[in-house]
Amino acid sequence: MKGSPLCAALLLSFIFALAIVPLLSLTHREPQSFAASEASGNETLIPVLSGFVTVRSAHPYQSIEISRGGKVLWQVSEPGLEAESELELLAQDLLQFRVIWPDETPETAVFVEIEPDGKEAFSQTYWAVGNLGEEIRLDLK
Amino acid sequence: MKMTFWIYLLMTLAALGQLKVGSLNPIATDLLKQVGGEHIEVVTILKEDQDVHTFRPDSRDLRKMQKCVLIFAMGKGLESYLDGFEDSLEKGQAVIEIGKSIPSQRVDADPIYVCCPSHAQGAEDPHWWHNVKNMERAVKIVSRELGKLDPDNAKAYRSRAKLAGARYRELHRWVKSRVSEIPKGQRVLVTPHAAFGYFCKAYGFQAAFVQGLSKDGEISAQQLAHTIRELKEKQIKAIFPERLANPKALKQLSQETGCQLGAPLYADSIHHDYERTIRHNVNEIVKALTR
Ligand SMILES: [Zn+2]
């Protein structure tokens, strides 16, 4: 059976029209990263640098949390061995880093790396049993 | 006939769903393909055999880039034409300099060994990809930027970036382990062009430069004698000339100093892909310095 060329062309045009709508919305979206944050005022109150955080644990953790002055910035509550995320950092930052492991987990090592854009990474390996609470001080000036 | 039609249709649809992303360098293209996979189409303008330091996009290149919302550059001044290039872009188009988010090193070499006038002694060194650890960060940057532009696929970009990051972590470990085969006192990398500063710092080499290894220009008998003296004094085991460097001068250098002639290294260009480029360079360095 040979399909009619007209039918094929119509079908193709229809599918093309369907596909073009999401495509247009994709290519015409204003990229968010270029809306520079022009927040003014107290410089120490606003995030100044983008960055990444990576955590790798030798034994599966139960949860990870990074907070600043009681405000949670990043939380992982799904058990795993490795997690990473983007993180907004202050020029001078003090972060609380907390990891909890399930009961019966032996003493284990956990590696944390924070990579502020354009700056050297902070990385550290900690050892803990059951849970870890550490302060991470960053000077990114 | 029917089959061909459906294949054509599927290919058209696949191409329509892809985001067009520009790349100004083959290494950025490699990064984009790894992170973007089937979700993006990468349009590259610099070919593998073009000199990254002297390349200037022509009107055809600019037209190709007009179709891309986001264009990735290596940054840190590697694309010296970038300011004018950005002026030629239309509203809604933007350039992401991957290198901007990578920690910088400064060029540390006598002016005659720098790659081009804009990368003189003390300037920001643009060759950041020679430290594989920096590529691990680069995939995250690419994933972040693609995810902002195309949130529907952000999760896919993140998971592809994670896999690529793990491959680079493994490659970084492999480089360290290969380099450890070279006795510590012999970890001196002699090249004609100050392109390996990041490599040397990351993997514990001392960078050194001598005349006569470069492909451009003749070397005088006096310069050659000076180079020979220098190599002997520093007890250099191997030198890594550029492709097309003067074979007569190289032969004399090697005969009079006993230096091994290492194979040319990829300083600015790429050998098939990033990983194979690094493996080639490291294998050649280890081979020549452990002989
Ligand atoms: Zn170069």
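Because the structure is predicted, anything quoted here is derived from the model rather than measured.

1. What to know about a positive patch on the surface
A contiguous patch of positive charge, built from Lys 47, Arg 60, Arg 63 and Lys 67 of chain B, is present on the exposed surface. Assignment of secondary structure puts Arg 63 of chain B in helix 3 (residues 59-65).

2. Quick word on the nonpolar core
For soluble globular proteins, the rule of thumb is that nonpolar side chains tend to be buried together. Within the largest apolar cluster, 73 residues are counted, with the highest numbers of intra-cluster contacts made by Trp 128, Phe 205 and Tyr 274 of chain B. Looking at which domains feed residues into this core, each of domain 1 (5-108 + 125-171) and domain 2 (178-289) of chain B supplies at least three. Setting aside residues no more than four positions away along its own chain, Trp 128 of chain B makes contact with Leu 31, Met 74, Lys 76, Ile 98, Gly 99, Ile 102, Asn 134, Met 135, Ala 138 and Tyr 198 of chain B. In terms of nonpolar packing, the next biggest core, distinct from the first, is built from 24 residues, Val 53, Leu 89, Val 99 and Ile 114 of chain A among them.

3. Some thoughts on the domain arrangement of chain B
Residue and element names in this part refer to chain B. Split into domains, chain B comes out as domain 1 (5-108 + 125-171) and domain 2 (178-289). Listed by partner, the interface residues are 24 residues for domain 1 and 23 residues for domain 2. Between domain 1 and domain 2 lies a buried interface of about 2000 Å² when both sides are counted; carbon and sulfur atoms form 58% of it. Of all residues in domain 1, Gln 105, His 130 and Leu 171 give up the largest surface area on contact with domain 2, accounting jointly for 34% of the area buried on that side. Joining domain 1 to domain 2, the criterion identifies 0 salt bridges. For the side of domain 1 that touches domain 2, the secondary structure elements donating two or more residues are helix 2 (26-36), helix 5 (132-149) and helix 6 (154-179). Element by element, the count of residues in the side of domain 1 that touches domain 2 is highest for helix 5, at 4 residues. Looking at the side of domain 1 that touches domain 2 residue by residue, the class counts come to 11 nonpolar, 7 polar and 6 charged.

4. Notes on the environment of Lys 248 of chain B
By the secondary structure assignment, Lys 248 of chain B is in helix 9 (residues 247-257). Lys 248 of chain B sits 36 residues away from Gly 212 of chain B along the chain, and the two C-alpha atoms are 10.0 Å apart.

5. Structural notes on the coordination of the zinc ion
Residues and elements named next belong to chain B. Within the protein, the zinc ion binds to His 53 (NE2), His 127 (NE2), His 193 (NE2), Asp 268 (OD) and Asp 268 (OD); these donor distances fall in the range 2.0 to 2.6 Å. Within one chain, the residues donating to the zinc ion are spaced in sequence as H-x73-H-x65-H-x74-D. Of this pair, His 193 sits in the loop between strand 5 (188-191) and helix 7 (197-203) while Asp 268 sits in the loop between strand 8 (260-261) and helix 10 (274-290), placing them 75 residues apart in sequence. Here His 193 matches Asp 268 in class, with each residue buried.

6. What to know about the packing of helix 2 of chain B against helix 5 of chain B
How two helices sit against one another is set out by the angle between their axes and by the gap between those axes. Residue and element names in this part refer to chain B. Between helix 2 and helix 5, the shortest axis-to-axis distance is 9 Å and the interhelical angle comes to 65 degrees. When you trace helix 2 past helix 5, the crossing you get is right-handed. Contacts between helix 2 and helix 5 involve Ile 27, Leu 31, Leu 32, Val 35 and Gly 36 from the first element and Met 135, Ala 138, Val 139, Val 142, Ser 143 and Leu 146 from the second.

7. Points about the sheet that holds strand 3 (residues 70-73) of chain B
All names here are of chain B. Strand order in the open sheet made by the 4 strands is 2-1-3-4, with parallel pairing throughout. Two strands in the sheet have a free side with no partner beyond their single neighbour: strand 2 (40-44) and strand 4 (94-97). Looking at each pair of strands side by side, their axes are set apart by 30 degrees on average, direction ignored.

8. Details of empty space enclosed by the protein
Over the atoms, a rolled probe matching the size of one water molecule traces out where space is still vacant. Evaluated as defined, the whole model comprises 2 cavities of 30 Å³ or more. By volume, the largest cavity is sized at about 70 Å³. Counting residues per element, the ones that place at least two in the lining of the largest cavity are strand 1 (49-61) and strand 4 (80-89) of chain A together with helix 5 and helix 6 of chain B. Within the lining of the largest cavity, the residues separate by chemical class into 3 nonpolar, 2 polar and 7 charged.

9. Thoughts on the pairing of strand 2 (residues 63-68) of chain A
Residues and elements named next belong to chain A. Relative to strand 5 (residues 92-100), strand 2 is paired through 5 bridges, and the arrangement is antiparallel. Considered in strand 5, the bridge of Glu 65 is made with Arg 98. Direction of pairing for strand 2 relative to strand 3 (residues 71-76): antiparallel, over a ladder of 5 bridges. Of the residues in strand 3, the one forming a bridge with Glu 65 is Gln 75. Linking strand 2 to strand 3, which pair antiparallel, is a turn of 2 residues; within it Gly 69 sits at a positive phi near 50 degrees.

10. Topic: the packing of aromatic side chains
Residues and elements named next belong to chain B. Summed over the entire model, instances satisfying the criterion amount to 8 aromatic pairs over all chains. Considering the side-chain rings of Phe 199 and Phe 205, the 5.4 Å spacing of their centres and the 40 degrees angle between planes classify their relative orientation as tilted. Across the pair, exposure class does not vary: Phe 199 and Phe 205 are buried alike. When the ring centre of Trp 174 is taken as reference, the NZ or CZ atom of Arg 279 above it lies at 4.5 Å.

The rules behind these values
- Residues numbered from 1 in each chain as written.
- Chains lettered and ligands numbered in written order.
- Predicted model: local features only at pLDDT ≥ 70, side-chain atom pairs only at ≥ 80, totals over all residues.
- Heavy atoms only, no water.
- Patch = residues over 30% accessible without salt bridge, like charges linked within 9 Å, V, L, I, M, F, W, Y side chains within 5 Å.
- Areas by Shrake-Rupley, 256 points an atom, 1.4 Å probe, with all protein chains shown as cover.
- Salt bridge = Lys/Arg side-chain N within 4 Å of Asp/Glu carboxyl O.
- Lys, Arg positive; Asp, Glu negative; His and termini not counted.
- Charge placed at Lys NZ, Arg CZ, Asp CG, Glu CD.
- Helix = DSSP H or I, 4+ residues; strand = E, 2+ residues; numbered from the N terminus.
- Core = buried A, V, L, I, M, F, W, Y, C linked by side-chain atoms within 4.5 Å.
- Buried < 20%, exposed > 50% of the residue type's maximum accessible area, 1.4 Å probe, protein only.
- Domains from an automatic or database assignment.
- Contact = heavy atoms within 4.5 Å.
- Buried area = accessible area lost by both parts, 1.4 Å probe.
- Nonpolar A, V, L, I, M, F, W, Y, C, P; charged D, E, K, R; others polar.
- Donors = N, O, S within 2.8 Å, 3.2 Å for Na, K, Ca; no water.
- Axes fitted to C-alpha atoms, helices over the stretch in contact; angles between N-to-C directions.
- Left-handed = near helix turned anticlockwise from the far one by under 90°.
- Pairing = 2+ DSSP bridges.
- 1 Å grid on protein atoms, 1.4 Å probe; cavity = no way out; pocket = protein on both sides within 12 Å on 5 of 7 lines; lining within 4 Å.
- Points joined across faces, edges and corners; volume = space filled by probe spheres on them.
- Phe/Tyr/Trp six-rings, centres within 6.5 Å; stacked < 30°, edge-to-face > 60°.
- Lys NZ or Arg CZ within 6 Å of the ring centre and 35° of its normal.

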